Amino acid sequence: MTEDRAALLAAIAEEIRVCTKCRLHEKALNPVPGAGNPNAEIMFIGEGPGYNEDKQGLPFVGRSGDYLNYLLKLIDLKREDVFIANVVKHRPPDNRDPLPDEITACKPYLDRQTEVIDPLVIVTLGRYSMARYFPNGKITQIHGQPKFDTTRAYLPLFHPAAVLRNPGLQRDMEADVKRIPELVEKVRATRAKNPQKPAKADEKPEDPPQQLKLF
Ligand code: SF4
């Protein structure tokens, strides 16, 4: 299964490498399809590649990446334990926000990555990935408050770069991250009790997930 997932993720990454579905590929140096453990129980989803990510073709490197590594260490995890992806796979010029049509064009790649990895917990980093699962959410109001569907938990967090810009958010960020292990345990137990087919990526992932009856 690990090899199957790795092969499927590699095939998606290859499609991303040659993708021209939106304008973002035109000025980017490298695609940043995502990286990490194909069998990860936790998937982090950020916004889009920045300067360092574009240069290296890897998600969350540079200062934001260092901070994310620090946060992972708080819950005894390393990069290799999780999968990290972004809403758009090529860098928006000058680190501007991704535009709605770019997010829409890139959505199938993230949908398929999520389907392949089938994580127990999806952690959104910042507004754009939060909007996939919490369409009406405001990050300042809902950070650290998970939602559940029948197979998964969704936890909205601040973007690491936002916390670096505003150290006053650091305490909340770290408290929110420390909720992740409890969510993994809950969803693992729920799946063990109620084995069922995971939600497919094309089953309206942007709809607000329903609360699990067990929680
Ligand atoms: S950002 Fe996504 S949709 Fe746009 S060119 Fe890159 S891979 Fe394709």
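For the structure itself, look to the data block above.
The rules behind the values
Residues numbered from 1 in each chain as written. Predicted model: local features only at pLDDT ≥ 70, side-chain atom pairs only at ≥ 80, totals over all residues. Heavy atoms only, no water. Buried < 20%, exposed > 50% of the residue type's maximum accessible area, 1.4 Å probe, protein only. Helix = DSSP H or I, 4+ residues; strand = E, 2+ residues; numbered from the N terminus. Pairing = 2+ DSSP bridges. Near = heavy atom within 4 Å. Nonpolar A, V, L, I, M, F, W, Y, C, P; charged D, E, K, R; others polar. Core = buried A, V, L, I, M, F, W, Y, C linked by side-chain atoms within 4.5 Å. Contact = heavy atoms within 4.5 Å. Axes fitted to C-alpha atoms, helices over the stretch in contact; angles between N-to-C directions. Parallel < 35°, antiparallel > 145°, perpendicular 65-115°, else oblique. Left-handed = near helix turned anticlockwise from the far one by under 90°.

I'd like to hear about the pairing of strand β6 (residues 153-157), residue by residue, with values.
With respect to burial, β6 is a largely interior element, 5 of its 5 residues being buried. The alternating pattern of β6 places Ala 153, Leu 155 and Leu 157 and Tyr 154 and Pro 156 on opposite faces, both of which are buried. With 5 bridges connecting them, strand β4 (residues 121-125) and β6 associate as parallel partners. Its bridge partner being in β6, Val 121 is matched across the sheet by Ala 153. One ladder, built from 2 bridges, connects strand β5 (residues 147-148) with β6; its direction is antiparallel. Of the residues in β6, the one forming a bridge with Phe 148 is Ala 153. The loop that links β5 with its antiparallel partner β6 comprises 4 residues.

Before we move on, could you go through the pairing of strand β3 (residues 83-86) and cite the residues and values that matter?
Here β3 shows no split at all, with Phe 83 and Ala 85 on one side and Ile 84 and Asn 86 on the other all buried. Inspection of the sheet shows strand β1 (residues 35-36) paired to β3 by 2 bridges, in the antiparallel sense. Considered in β3, the bridge of Gly 36 is made with Phe 83. In this sheet, β3 lies alongside strand β2 (residues 42-46) in parallel orientation, the contact comprising 4 bridges. The residue bridging Phe 44 from the neighbouring strand is Ile 84, located in β3.

Could you give an account of the site of the ligand, with specific residues and numbers?
Taken together, Ile 16, Cys 19, Lys 21, Cys 22, Leu 24, His 25, Lys 89, His 90, Ala 105, Cys 106 and Tyr 109 make up the full set of residues adjacent to the ligand. A total of 3 residues in the shell around the ligand trace back to one element, the largest contributor, which is helix α4 (residues 100-117). Here the residues of the shell around the ligand sort into 7 nonpolar, 2 polar and 2 charged.

Just give me the short version of the nonpolar core, but keep the residues and values in it.
Soluble, globular proteins show a tendency: their nonpolar side chains are buried together. Judged by nonpolar contacts, the single largest core of 53 residues is most densely connected at Met 43, Phe 44, Val 123, Met 173 and Ile 180. Take this core: its biggest share by element is 6 residues, from α4. Dropping the residues within four chain positions of it, Val 123 is found in contact with Ile 42, Met 43, Phe 44, Ile 45, Leu 155, Leu 157 and Ile 180.

Break down the packing of helix α3 (residues 62-74) against helix α8 (residues 170-177) for me, citing the residues and quoting the values.
Orientation of α3 relative to α8, taken along the N-to-C sense of each, is 50°, at an axis distance of 9 Å. As summarised for this structure, α3 and α8 are arranged oblique, according to the angle between their axes. The two elements α3 and α8 meet at a crossing, and its hand is right-handed. Residues Tyr 67, Tyr 70, Leu 71 and Leu 74 of α3 form the contact with α8, whose own contacting residues are Gln 170, Met 173, Glu 174 and Val 177.

Which residues make up unusual backbone geometry, and what values go with them?
Backbone geometry places Asp 76, a non-glycine residue, at a positive phi of 60°. For Asp 76, a relative accessible area of 73% corresponds to the exposed category.

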